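Each chain is listed here by its residues.
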Amino acid sequence: MTMEFLQTARETVEAKRKLLDEFSNLYKALSVASGYHGYIALDKELIATESELKITAGSRSIAGVRVPSLELQDSPNKGGMKRYNPVDTSSWLDHAAQLSGECLRAIVELAELQRNFELLAMEINRTKRITNALEYIIIPGLQATINYLNMKFEERDREEKARLKRVKVLVVRG
Amino acid sequence: MPKPLENEPSQTQSGQSLCEKMLQECLRGELRVVNAGVPQSQKRLSTLLNEQYPYVLCNDGSTHFFKRSELQYLASLLEPEEQEALPLPILIELGANQNEATVICGGNAEEKIISIMLNMPVVCQERRIRLYKPQLALLRRKLKTATVYIFSPRTNA
């Protein structure tokens, strides 16, 4: 589980960095596109690009921990903005559209990784608490009980011996 | 120390002490808990590719979901007849030895997949492919939903 946790942590950092880079590239591409077309024309073109995103969500188990599994479903426009008129737009907007699709994928990937990371961390903490409770409370408690019982049995054994001696003395006298 | 009572033998007929037996029962219970997420059965890659939402049922009644992108990646590596033969999820057995794991291998398809993933030839011995920790991390990184851990008391020796 620790190996999976470390792996997920590494992947989460990587995915976050990738997402930030892609957002930065998208921002630049959109800035260039809006500079080329103008805000009003770009708004007009992009107004029809809103599309429904389909994400398949399921779950899987990592060493007994149930974690979510998310996947962006492939759509004809790949989740990006591709319903604008290609005649009235430039390749700058095509580039921005392509980058927006990649950003969406990266967001879904990061969401999954981050949730997995949290769940695995919680499970590791829980296991650690159980181990600590066993090590410092339950096992010492059981050992104390065993010692107490051992002492009690020894005491009973000594009493029994003393009683037998006393009976033997009485039998000899009688 | 008081002696154990004579009418309560501390050793069973097989030579195991009662304490050891109880410990084994406890461990068996723990193994059942950690293996609750193991799939009840495996499905062939070709079957999963034809399903809208590819999944298998687990022992605890939950579902194990496969990512379509992973299935398509596996399909791209294998011939159609190998796709028919590859059972998924691939089971990775973790035993008492924590430094290595074994992949339960039913045929050549698993062997081919693992050797491509690790970029090195692998040997299947007694239906098992032995992997070391870094290799396991590499495999899990590439096949997250197509592989599943199972815990067993075997020593992998």
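Residues numbered from 1 in each chain as written. Chains lettered and ligands numbered in written order. Predicted model: local features only at pLDDT ≥ 70, side-chain atom pairs only at ≥ 80, totals over all residues. Heavy atoms only, no water.

Peer 1: Just checking my understanding: could you explain the overall build of chain B for this structure?
Peer 2: When its secondary structure is counted, chain B shows six helices and nine strands. By residue count, 41% of the 157 residues in chain B fall in the buried class. Counting only contacts in chain B whose residues sit at least 6 apart along the sequence, the fraction spanning at least 24 positions is 57%. About 9400 Å² of surface is accessible on chain B, with carbon and sulfur atoms providing 53% of the total. (Helix = DSSP H or I, 4+ residues; strand = E, 2+ residues; numbered from the N terminus. Buried < 20%, exposed > 50% of the residue type's maximum accessible area, 1.4 Å probe, protein only. Contact = heavy atoms within 4.5 Å. Areas by Shrake-Rupley, 256 points an atom, 1.4 Å probe, with all protein chains shown as cover.)

Peer 1: Is there a simple way to explain empty space enclosed by the protein in this structure?
Peer 2: One simple way to see leftover space: roll a probe sized like a water molecule over the atoms. Counting across every chain of the model gives two cavities of 30 Å³ or more. Taken as a whole, the largest cavity holds about 100 Å³ of empty space. Taken together, A:Glu4, A:Gln7, A:Thr8, A:Glu11, A:Arg60, A:Ile62, A:Leu113, A:Asn116, B:Arg140, B:Arg141 and B:Lys144 make up the lining of the largest cavity. Among the secondary structure elements, those contributing two or more residues to the lining of the largest cavity are α1 (2–37), β1 (55–62) and α3 (91–173) of chain A together with α6 (133–142) of chain B. (1 Å grid on protein atoms, 1.4 Å probe; cavity = no way out; pocket = protein on both sides within 12 Å on 5 of 7 lines; lining within 4 Å. Points joined across faces, edges and corners; volume = space filled by probe spheres on them.)

Peer 1: Looking at this model, I keep getting lost on the pairing of strand β9 (residues 147–151) of chain B. Mind explaining?
Peer 2: Within a regular strand, side chains alternate between the sheet's two faces. Residue and element names in this part refer to chain B. With four of its five residues buried, β9 lies for the most part within the structure. Alignment of strand β5 (residues 90–94) against β9, held across five bridges, turns out to be parallel. Along β9, the bridge assignment pairs Ile92 with Tyr149. (Pairing = 2+ DSSP bridges.)

Peer 1: Can you walk me through the side chain of B:Ser62 in this structure?
Peer 2: Tracing the sequence through the fold places B:Ser62 in the loop between β2 (55–57) and β3 (63–65). Engagement of the side chain of B:Ser62 in a polar contact is seen with the side chain of A:Arg66, the distance being 2.8 Å. Here the side chain of B:Ser62 touches B:Asp60 through a polar contact of 2.6 Å, side chain to side chain. With residues up to four places along the chain from it excluded, the contact list for B:Ser62 reads A:Arg66, B:Val56 and B:Leu57. (Polar contact = N/O pair within 3.5 Å; in protein donor to acceptor, adjacent residues only side chain to side chain.)

Peer 1: Mind showing me how you'd approach α3(A) here?
Peer 2: It helps to recall that an α-helix has 3.6 residues per turn; residues three or four apart then point in one direction. Relative to the 123 Å expected for 83 residues at 1.5 Å per residue, α3(A) spans 121 Å between its end C-alpha atoms, a close match to the ideal helical length. Of all the bends found along α3(A), the most pronounced is centred on A:Leu134 and spans about 40°. (Expected span 1.5 Å × (residues − 1). Bend = angle between axes of the 7 residues up to and from the residue.)

Peer 1: I'm lost on the interface of chain B and chain A in this one. Help?
Peer 2: As a measure of interface size, the accessible area lost when the parts come together is often cited. Between chain B and chain A, the contact holds 23 residues from the first and 23 residues from the second. Both sides of the chain B and chain A interface together cover about 2000 Å² of buried area, and 50% of this is carbon and sulfur. Summed over the shared surface of chain B and chain A, the number is four salt bridges. Among the salt bridges present, the one from B:Arg140 reaches A:Glu4, with a minimum N-O distance of 2.8 Å. The interface formed by chain B and chain A holds 13 residue pairs in polar contact (both at pLDDT 80 or more) in total. At the level of secondary structure, the elements contributing two or more residues to the side of chain B that touches chain A comprise β3, α3 (68–77), α6 and β9 of chain B. The greatest single-element share of the side of chain B that touches chain A, amounting to five residues, is contributed by α6(B). (Buried area = accessible area lost by both parts, 1.4 Å probe. Salt bridge = Lys/Arg side-chain N within 4 Å of Asp/Glu carboxyl O.)

Peer 1: Just checking my understanding: could you explain the nonpolar core for this structure?
Peer 2: Side chains of nonpolar character tend, in soluble globular proteins, to be buried together. Residues and elements named next belong to chain B. Residues Leu88 and Ile113 are the most contacted members of the largest nonpolar core, which totals 36 residues. Among the elements that make up this core, the one with the highest residue count is helix α5 (residues 108–118) (five residues). Excluding residues within four positions of it along the chain, Leu88 makes contact with Gln42, Lys43, Leu45, Leu48, Val56, Phe66, Leu71, Leu74 and Ala146. (Core = buried A, V, L, I, M, F, W, Y, C linked by side-chain atoms within 4.5 Å.)

Peer 1: Before we go on, may I ask you to explain the sheet that holds strand β7 (residues 124–125) of chain B in this structure?
Peer 2: To summarise the sheet geometry, strands pair through backbone hydrogen bonds and adopt either a parallel or an antiparallel arrangement. Residues and elements named next belong to chain B. Taken together, the five strands give an open sheet; going across it, the order is β7-β8-β6-β5-β9, and neighbouring strands pair in mixed fashion. Each edge of the sheet is formed by a strand with only one pairing partner; in this case those strands are β7 and β9. For strand β6 (residues 100–104) and strand β8 (residues 128–132), the ladder comprises five bridges, and the chain directions are antiparallel. By the bridge assignment, Val103 is partnered in β8 with Ile129. The strands touched by α5 within the sheet are β5, β6, β7 and β8, with β8 carrying the most contacts at an inclination of about 15°. (Axes fitted to C-alpha atoms, helices over the stretch in contact; angles between N-to-C directions.)

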